[in-house]
Amino acid sequence: MNLEEILLFGLGAVAVIIAVRWVTEKTGLPAAVLLTLIGIVYAYLPGPNLELEPELVLTFILPPLLYNAALDSSLLDIRRNMRTVISLSVVLVLVTALLIGLGFSLWVAGATLAAGVALGAAVAPPDPVAALAVGRKAGLPGKLVTLISGEGLLNDATALTILTVAVAAHADGNFAFDNAVGQFVISAVGGVLVGVAVAYAVRGLKALRSDPLNANALSLITPLAAYLICENDFVHHYVVISGVLAVVVAGLIVGHDTPRYTTGASRLQTSAVWRLIDFLLEGVVFLLIGQQVPKVIDGLAQYETSTIIIALTITLGVVLLLRPLWLVITQWLPRSLHTRLGGQVDEDDTTNREVPLTGKEITVLSWAGTRGVITLAAIFTLPAGFPDRELLHFCAIAVVLVTLVGQGLTFAPLVRRLGLRANQTDKARLRNEARSAAVRAALDRLDDIQEQQHDNVEDEAIETMRRQLQVRLDRYRRRLDLLEQSESSDLPTSPQYEAALMVRQAVIDAEREELLRWRDAGRLSDDSLRVLNRELDHEELILPKRNSAH
């Protein structure tokens, strides 16, 4: 493809992504599934096509996606559920890779253990993008969102490390388990250390992060820097370190520190930039997945049908059956092992009793195992001459299509059918209690200021601010009273609350219209209009959506 064709392809891709977003908002269908199917259809049409370049995906697409996901995750929640997250993102990935490797070495003609483990490593890590996009819309409970996102953040590092070990084992002609474990530990520990170092380096740039443009620039280069520190040739000459894990750890720490070390303007702008990047990169990724199908299928001509069926059966069988079986087994283990592999401490229980996952939670987590870009990017990194490379490509893309389309389309109906939804009333009550506490702290600070020496002008300012804060506090208390009286998990409706939101929105709209009339009449410059509109935009931004968990 020449430069003009690439530009036209990019413009067409953005147009498709925007159209698919509009369709998903109207129909509720998962965007990932629609984009993948569109990519498959486009791949069979005449015209230019893009091939998935694994190095490009692993260097420039995967780190930003993982970093943004880590920024939006909760370090405290993941740490609180660390045992379960490690069970799914490390132990389950290892077991999946080994089982597929053994299955290939035993039943697929001519296949080696290294080839099977390489495939198992590629298909083991679920991509939580599609599941979380649907799950959040369906109101999935916070604990499950944490487990799915935490697993998705860490399992890529595990899978890529195992894949590296498998490729090295093929080159050496021997798959040494003890050597593989040692290399995995070194890679993981190194990735964590680099991630912590990068996060603390970003923390040290507090003065720069107060400016929105500087904060954006630093945020964009942080995941690339963390990844390249680990994955450059000089470092690899001495030790193999997980760049993916470094990106995730840096993102979790920076996201945890962001409210403390950045200004409000920086956070608003950085969040908006990352939402756009995430939207476009995810769309391009799923389009690319679909476009790889014809090429992969063409590479199967050299294999017998029975070999393809056996390989596909082993791969899909392990991927689809092992995950629910693993989740069930971890609930039956003795308490000491259960705490390590699958439990969550009940914070309201003073005995710290582990609370196992319920049957509904296990079902939802089992069905959240959609595979995506990391699977294809990983399998396409296999070097030329790697045994059964084309067969491995086919099995990997088959797993992606089966899980992405099959589980992606049925995930939301399954969540609704099970009735496993977050308690919106509890969430709204907690937020309003926090708001009330924040306002009371502000009132206490006003009392402290008032006790200091000041003039009459400051007295008037203090009293004006006190009245404004008291109005907010009264509003939060009325909302809390309504929430306390609710016996349902759904948000209670309040005519007064809804009317207040409607009136505040109408007032903002009237102000905007008047400013536009001033601009159109030549009484206000566009420069000034943008400044005043930005003030109204920020005021509108803090308004909750109607009937939301405010």
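As a reminder, the structure under discussion sits directly above these lines.
My aim in this report is to walk through the structure given alongside it, one point at a time.

Conventions we followed
Residues numbered from 1 in each chain as written. Predicted model: local features only at pLDDT ≥ 70, side-chain atom pairs only at ≥ 80, totals over all residues. Heavy atoms only, no water. Helix = DSSP H or I, 4+ residues; strand = E, 2+ residues; numbered from the N terminus. Buried < 20%, exposed > 50% of the residue type's maximum accessible area, 1.4 Å probe, protein only. Areas by Shrake-Rupley, 256 points an atom, 1.4 Å probe, with all protein chains shown as cover. Phe/Tyr/Trp six-rings, centres within 6.5 Å; stacked < 30°, edge-to-face > 60°. Lys NZ or Arg CZ within 6 Å of the ring centre and 35° of its normal. Axes fitted to C-alpha atoms, helices over the stretch in contact; angles between N-to-C directions. Left-handed = near helix turned anticlockwise from the far one by under 90°. Contact = heavy atoms within 4.5 Å. Nonpolar A, V, L, I, M, F, W, Y, C, P; charged D, E, K, R; others polar. Expected span 1.5 Å × (residues − 1). Bend = angle between axes of the 7 residues up to and from the residue. Core = buried A, V, L, I, M, F, W, Y, C linked by side-chain atoms within 4.5 Å.

## Examining the overall build of the protein chain
For step 1, the next point in the chain: Tallying secondary structure elements over the protein chain gives 24 helices and 2 strands in all.
For step 2, the next point in the chain: A total of 550 residues make up the protein chain; the buried ones form 46% of that total.
For step 3, the next point in the chain: Of the accessible surface of the protein chain, which amounts to about 27,800 Å², a share of 61% is contributed by carbon and sulfur atoms.

## What about the packing of aromatic side chains?
For step 1, the next point in the chain: Scanning the entire structure with this criterion turns up 3 aromatic pairs.
For step 2, the next point in the chain: Seen from their ring centres, Phe-234 and Tyr-238 are 5.4 Å apart, and the 70 degrees between their planes marks the pair as edge-to-face. Placement of both Phe-234 and Tyr-238 in helix H12 (residues 233–238) is noted, with a separation of 4 residues, approximately one turn of the helix.
For step 3, the next point in the chain: Between Arg-523 and the ring centre of Trp-518, over which it is positioned, the NZ or CZ distance is 3.9 Å.

## Thoughts on the packing of helix H5 (residues 82–107) against helix H6 (residues 113–123)
When two helices pack together, their arrangement is given by the angle between the helix axes and by the axis-to-axis distance.
For step 1, the next point in the chain: Taken N-terminus to C-terminus, the directions of H5 and H6 make an angle of 145 degrees; their axes are 7 Å apart at the nearest point. With respect to the hand of their crossing, H5 and H6 are arranged in right-handed fashion. In this structure, H5 contributes Thr-96, Ala-97, Ile-100, Gly-101, Leu-102, Phe-104 and Ser-105 to the contact, and H6 contributes Leu-113, Gly-116, Val-117, Leu-119, Gly-120, Ala-121 and Val-123.
For step 2, the next point in the chain: For the contact of H5 with H6, the residue count by class is 9 nonpolar, 5 polar and no charged.

## Details of helix H20 (residues 389–418)
For step 1, the next point in the chain: Here H20 contains 30 residues, and its C-alpha end-to-end distance of 41 Å stays within 8% of the 44 Å for a straight helix at 1.5 Å per residue.
For step 2, the next point in the chain: The largest bend along H20 measures about 40 degrees and falls at Phe-411, with the proline Pro-413 one to four residues further on.
For step 3, the next point in the chain: Following H20 by one or two positions, Gly-419 has its phi on the positive side, about 65 degrees.

## Quick notes on the nonpolar core
Side chains that are nonpolar tend, in soluble globular proteins, to be buried together.
For step 1, the next point in the chain: Residues Phe-104, Leu-119, Leu-376, Ile-379 and Leu-391 are the most contacted members of the largest nonpolar core, which totals 114 residues.
For step 2, the next point in the chain: Counting residues in each nonpolar core, the second largest holds 7 residues, with Leu-443, Leu-446, Leu-473 and Tyr-476 among its members.

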